[in-house]
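Structure at a glance
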Amino acid sequence: MSAETTVRQDLGFDPDALRNKYQTERDKRLRDDGNEQYIEVKGQFSHYVEDPYLEGEIKREPLTDEVGVVIIGGGFGGLLAGVRLRQQGVKSIRMIEKGGEFGGTWYWNRYPGAACDIESYVYLPLLEETGYMPPKKYIDGADILAYSQQIAKQWDLYDDVCFQTEVESLHWDENTNRWIIKTNQGDAMRARFVISSNGPLNRPKLPGIQGIDDYQGHTFHTSRWDYDYTGGDANGGLTGLKGKRVGIIGTGATAVQCVPHLAEGADELYVFQRTPSSIDERNDRPTDPEWVDSLQPNWHQERMDNFNTLVSGGVTDKDLVNDGWTEIIRNLLLMIRDEGESDLSFEALQEKMELADFQKMESIRARVDNIVNDPETAEHLKPYYRQFCKRPCFHDDYLPTFNRDNVHLIDTGGQGVDRITNKGVVANGQEYELDCIVFASGFEVGTEYARRCGYETFGRNGVSLSEHWQDGARTFHGMHSHGFPNSFLMGTLQTAFTANYPHSLNEQSKHIAYIVSQALEGNHQVVEATADAEEEWVNTIVQLARMNEQFLADCTPGYYNNEGKPSERSRQNSSYGGGPVHFFQMLEEWREDGTMQGLDIS
Ligand code: NDP
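Residues numbered from 1 in each chain as written. Predicted model: local features only at pLDDT ≥ 70, side-chain atom pairs only at ≥ 80, totals over all residues. Heavy atoms only, no water.

**Considering the state of the cysteines**
Taken as a whole, this structure holds one disulfide when the rule is applied. Disulfide pairing is shown between Cys 389 and Cys 555; the S-S distance is 1.9 Å. The disulfide joining Cys 389 to Cys 555 has a torsion of about -75° about its S-S bond and is therefore left-handed. Of the two residues, Cys 389 sits in the loop between helix 13 (375–380) and strand 13 (393–394) while Cys 555 sits in the loop between helix 18 (531–553) and helix 19 (568–572), which places them 166 residues apart along the sequence. Taking relative accessible area as the criterion, Cys 555 reaches 0% and is therefore assigned buried. A disulfide-free cysteine, Cys 436 has its sulfur positioned 11 Å from the sulfur of Cys 258, the nearest such atom. (Disulfide = S-S within 2.5 Å. Helix = DSSP H or I, 4+ residues; strand = E, 2+ residues; numbered from the N terminus. Buried < 20%, exposed > 50% of the residue type's maximum accessible area, 1.4 Å probe, protein only.)

**What about a negative patch on the surface?**
A grouping of Glu 128, Glu 302, Asp 305, Glu 588, Glu 589 and Glu 592 is seen on the molecular surface, where their side chains present a negatively charged patch. At the level of elements, helix 10 (299–311) and helix 20 (580–593) are the ones that each hand at least two residues to the negative patch. With three residues, helix 20 is the largest single contributor of residues to the negative patch. On the secondary structure map, Glu 592 appears in helix 20. (Patch = residues over 30% accessible without salt bridge, like charges linked within 9 Å, V, L, I, M, F, W, Y side chains within 5 Å. Areas by Shrake-Rupley, 256 points an atom, 1.4 Å probe, with all protein chains shown as cover. Salt bridge = Lys/Arg side-chain N within 4 Å of Asp/Glu carboxyl O. Lys, Arg positive; Asp, Glu negative; His and termini not counted. Charge placed at Lys NZ, Arg CZ, Asp CG, Glu CD.)

**Some thoughts on the sheet that holds strand 15 (residues 419–420)**
Taken together, three strands build an open sheet; the order of strands is 15-16-17 and the sheet is antiparallel. Two strands close off the open sheet at either side, each with one partner strand: strand 15 and strand 17 (430–433). Alignment of strand 15 against strand 16 (residues 424–427), held across two bridges, turns out to be antiparallel. Counterpart to Arg 419 in the pairing with strand 16 is Val 426. (Pairing = 2+ DSSP bridges.)

**Considerations on the site of the ligand**
In the region of the ligand, 26 residues are neighbours, and Asp 117, Thr 254, Thr 275, Lys 390 and Tyr 559 sit closest. One of the backbone nitrogen or oxygen atoms of Ala 115 is found 3.1 Å away from an oxygen atom of the ligand. Here Arg 391 contributes a side-chain N or O atom positioned 3.1 Å from a nitrogen atom of the ligand. For the ligand, whose free accessible area comes to 920 Å², the fraction covered by protein is 90%. Among the elements that take part in the shell around the ligand, helix 8 (residues 253–265) stands out by supplying three residues, more than any other. Its residues placed into classes, the shell around the ligand shows 13 nonpolar, nine polar and four charged. Split by domain, the shell around the ligand shows at least three residues from each of two domains, domain 1 (31–56 + 206–277 + 390–442) and domain 2 (66–203 + 445–601). (Near = heavy atom within 4 Å. Polar contact = N/O pair within 3.5 Å; in protein donor to acceptor, adjacent residues only side chain to side chain. Nonpolar A, V, L, I, M, F, W, Y, C, P; charged D, E, K, R; others polar. Domains from an automatic or database assignment.)

**Examining the pattern of salt bridges**
Once the charged atoms of two side chains with opposite charge are near each other, the side chains can pair. The tally for this structure, following the rule as stated, stands at 40 salt bridges. Across the salt bridge formed by Arg 84 and Glu 129, the nearest N and O atoms sit 3.4 Å from each other. Within this pair, whereas Arg 84 is found in helix 2 (residues 76–87), its partner Glu 129 is found in helix 5 (residues 127–130), the two being separated by 45 residues in sequence. On the basis of relative accessibility, which here comes to 10%, the residue Arg 84 falls in the buried class.

**Some remarks on helix 10**
Taking 1.5 Å of rise per residue, the 13 residues of helix 10 would be expected to cover 18 Å, and the 18 Å separating its terminal C-alpha atoms lies within 8% of that figure. In terms of burial, helix 10 is largely enclosed, as 11 of its 13 residues are buried. The complete set of buried residues in helix 10 reads Trp 299, His 300, Gln 301, Arg 303, Met 304, Asn 306, Phe 307, Asn 308, Thr 309, Leu 310 and Val 311. The secondary structure elements touched by the buried residues of helix 10 are helix 4 (120–123), helix 5, helix 9 (289–294), helix 11 (327–338), helix 17 (501–521) and helix 20. Gly 313 sits one or two residues past helix 10 and shows a positive phi near 85°. (Expected span 1.5 Å × (residues − 1). Contact = heavy atoms within 4.5 Å.)

**A word on the packing of helix 2 against helix 17**
Running from amino to carboxyl end, helix 2 crosses helix 17 at an angle of 40°, the nearest separation of the two axes being 8 Å. Between helix 2 and helix 17, the crossing angle belongs to the class labelled oblique. As helix 2 runs across helix 17, the sense of the crossing is right-handed. The residues of helix 17 that touch helix 2, namely those facing Phe 76, Gly 77, Leu 80, Ala 81, Arg 84 and Leu 85, are Pro 502, Leu 505, Asn 506, Ser 509, Lys 510, Ala 513 and Val 516. Considered class by class, the residues forming the contact of helix 2 with helix 17 number eight nonpolar, three polar and two charged. (Axes fitted to C-alpha atoms, helices over the stretch in contact; angles between N-to-C directions. Parallel < 35°, antiparallel > 145°, perpendicular 65-115°, else oblique. Left-handed = near helix turned anticlockwise from the far one by under 90°.)

**Describing the packing of helix 11 against helix 12 (residues 346–371)**
Helix packing for two helices is described by the angle between their axes and how far apart those axes are. Between helix 11 and helix 12, whose axes approach to 9 Å, the crossing angle comes to 120°. By the angle class used here, helix 11 and helix 12 are oblique. Pair helix 11 / helix 12 crosses with right-handed handedness. Contact residues: helix 11 offers Glu 327, Ile 328, Ile 329, Asn 331, Leu 332, Met 335 and Ile 336, while helix 12 offers Leu 349, Lys 352, Met 353, Leu 355, Ala 356, Asp 357, Gln 359 and Lys 360. Classifying every residue of the contact of helix 11 with helix 12 gives nine nonpolar, two polar and four charged.

Structure (structure tokens):
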């Protein structure tokens, strides 16, 4: 901060100076190519998505039979859809999963240190139904993977599962009112209903850095960790990196978790940073048995709802989770209470919210100074944007790692690395020779749906979903698309976005299971969104996106704001701007109404 800033005594910082600093940092990072800056992982790059965890290839005959419901995706979305359908009495369910097991994102992301940094008592679904209690507040990735499999076992979802199977296309057959599902295993199976839960972050992406294919050393993406090369496992112990110079590109939530392990294993670690993450304390702790004994029925839903309200900017009189995620709202409430103001206008509330956010981020920046010894390194590690512009991170070992002699932060001033050579990485004009480059560069978010899920869906009259969506996504409630009967989508497009993604999947799965079971009970052949309902929903999405745009427009670029390039298309492809609390309530009321408004059922 410059010396000319006027620090407000009550706050301890100058809001105008911070606002300007945020804007300068954001402007530095804006680029014309937006999402185009990343490389699609295919062709010569397809080895980056090969499954390193398979213990042998599954051999089976191609399937051409018919089932009631095909669920694509074996992560929490697919699992929850399966569970909710089972609870509605649906027997004929076939799960299709690209990986070799259930687990979704937790199947793929097994990098050292992988763990959930949302409280496990709200992150994990179905805790009351399974009776499972996570051993600690923030559960390890390996335990989440095991829990996914526990869910699949409890609800018999292994009974008809196709692992190592990638869907290649979905075709609606008008004559039989069935979907034909073709896969890379030669299947041409049929299903009455199809539910697609492909995961919003399932397609790894690589930075489009000049020379990326010239590099002669070893490389991999964090979501396909190469333990054969690094040694060790998800707990660390990367002994294979002894004697090695390792570079990691990216400093998002994944890098934050694996960097401390890379630093321990490698001789030298170079962390190439474009934008620092906000790193709050994690303060993990074992689950308190007394607290567990005190829990009353329905505690889980109440806790999830409470967290969801607070992280989506709502106000409640209690904060059950009470950690770094919900602190901004706690700050806000304190501020309002201290100032004795109870009846604030929307604008006044937004102003207070900004101050509470500044306050929170000031404490995040002060934390960097307290932990990192070298002042210059500390300065580079400070994030200057609002906390929810990027995924906030919670870690107690990441920042101290930069006090190690073998760890070098290569800050690129918001520009990213310059290029890759056959020997290593060039950043700020200097070449760093490396034995291995780890890409912690994230996943495709803003690209076309069919590209991200890996298959095309052909609905009525052979029209593809990509054609139907050529100007942006078109859905009713984010789950149905007109012309694509008996097909359900799960995800974030035109549904609610919440920091606790499994919560959203849980609500979507209840909704879809209700509709499917109603159709089955009434022996209806076809359930389809009407063109009018779809049109109205698309308009609602776009309108709300416009109203909410300012917050994201002011944010530093990233996948939350279409890399800083809002467009008519990105507005249409956004989540429901009325917020998750309202969205979930709306779905519930829609079901209670019982008339299936917006759907044609025949
Ligand atoms: P992110 O997309 O969050 O991070 C990608 C990183 O790569 C960013 O730091 C980005 O910088 C950087 N990058 C991209 N291109 C370049 C370049 N050319 N030069 C230098 N750096 C570059 O991916 P992650 O895998 O870290 O996280 C993805 C998501 O996964 C998270 O947001 C979160 O939702 C989820 N996750 C959840 C966890 C949990 O606990 N539940 C744990 C881990 C991940 P820049 O920021 O400037 O774009």
